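Examination of the molecular architecture
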Amino acid sequence: MSEMGVCLSMEGGSAASTPAALPYYVAFSQLLGLTLVAMTGAWLGLYRGGIAWESDLQFNAHPLCMVIGLVFLQGDALLVYRVFRNEAKRTTKVLHGLLHVFALVIALVGLVAVFDYHRKKGYADLYSLHSWCGILVFGLYFVQWLVGFSFFLFPGAPFSLRSRYRPQHIFFGATIFLLSVGTALLGLKEALLFNLGDKYSAFEPEGVLANVLGLLLACFGGAVLYILTRADWKRPSQAEEQALSMDFKTLTEGDSPGSQ
């Protein structure tokens, strides 16, 4: 058996160890995320009257859905490959894709809520920086999911195409997540200025709570990005992935796996 074959055999027979600090950072990110969702609900319930679709409270579905979908669930989808390090790649891909689907559906409900609310009230659409950023983020997120599904989940996509696109997929995934957090912060500030006006500068309780909510948004985004950018926390390649990579190298460069 070649040296590469021995390496693959050894790696296929034992699970890669999890970095000692990784579970603590992941747990911390989840604590931040769940607190973020809970505090968003508390803000809407205590100061904005709650949520009801067929009433003036329909608008409140928008911030809650966007925080759950495009911030919390999107962040968790990005962390899937750090958390599930030794599971089958196919299973991890499906979970990654499903979380993104849930995030898309929930975000779509949030978009429908705000546009329908504006229509009923006769308000203008898409005039603010927040709304422009929001449409851009949702559009990019939808395209990112479609392309990712076509390349990585849809059967038959060429391995060479997957290999070339993977770095771009990772980059755009992190970028869209960062844009989502920034857009949520813009929307939060816009809502406070509309609802509180001059009272915002008087340290109204709603303003203080919303400011804390904004800090939680920033901290959750930072925690997720930190976990994603730690090179030593990346999911290790499984034996079958390395074998596919070597086969691709053989086809494209004329090498043989045993010659390395």
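Residue numbers run consecutively from 1 along every chain, following the written order of its sequence. pLDDT decides what is reported in this predicted model: residues at 70 or higher carry local features, side-chain atom pairs at 80 or more are listed and counted, and totals for whole chains, interfaces and linings draw on all residues regardless. The basis for every side-chain value is the complete set of non-hydrogen atoms in the structure, without hydrogens or water.

Looking up the chain in an unreviewed UniProt entry gives the name Transmembrane ascorbate-dependent reductase CYB561, with the organism given as Macaca nemestrina. Entered under Cofactor (unreviewed entry) in the UniProt record, the comment concerning the chain runs "heme b". UniProt positions are given in the numbering used here, feature names are shortened, and annotations may be inferred rather than shown by experiment. Of the comments in the UniProt record for the chain, the one headed Subcellular location (unreviewed entry) reads "Cytoplasmic vesicle, Secretory vesicle, Chromaffin granule membrane".

Moving on: the environment of Phe152. Strands here are runs of E lasting at least two residues and helices are runs of H or I lasting at least four, both read from the DSSP assignment and numbered beginning at the N terminus. Relative to the helices and strands, Phe152 resides in helix α5 (residues 129-153). When the C-alpha positions of Phe152 and Gly97 are compared, they lie 9.5 Å apart, and in sequence the two are 55 residues distant. Contacts are assigned to residue pairs that have any heavy atoms within 4.5 Å of one another. Excluding residues that lie within four positions of it along the chain, Phe152 makes contacts with Arg90, Lys93, Arg162, Tyr165, Arg166 and His169.

Let's shift gears to the packing of aromatic side chains. Pairing of aromatic rings covers Phe, Tyr and Trp, the last through its six-membered ring, and needs centres within 6.5 Å; plane angles under 30 degrees mean stacked, over 60 mean edge-to-face, and all others mean tilted. Counted according to the given criterion, the structure contains twelve aromatic pairs. When the ring of Phe72 is compared with that of Phe220, the centres are 6.0 Å apart and the planes differ by 40°; the resulting orientation is tilted. Here the residue Phe72 occupies a position in helix α3 (residues 61-83), and Phe220 occupies one in helix α7 (residues 205-229), the gap between them amounting to 148 residues. We call a residue buried when its accessible area falls under 20% of the maximum for its residue type, exposed when it is over 50%, and partly exposed in between, using a 1.4 Å probe and counting protein chains only. Residue Phe72 is classed as buried on the basis of its relative accessible area of 10%. Aromatic rings pair up to connect Tyr25, Tyr226 and Trp233 into one cluster. Here, over-ring charges are defined by two tests on the NZ atom of lysine or the CZ atom of arginine: distance to the ring centre within 6 Å, and angle to the ring normal within 35 degrees. When the ring centre of Trp233 is taken as reference, the NZ or CZ atom of Arg230 above it lies at 4.2 Å.

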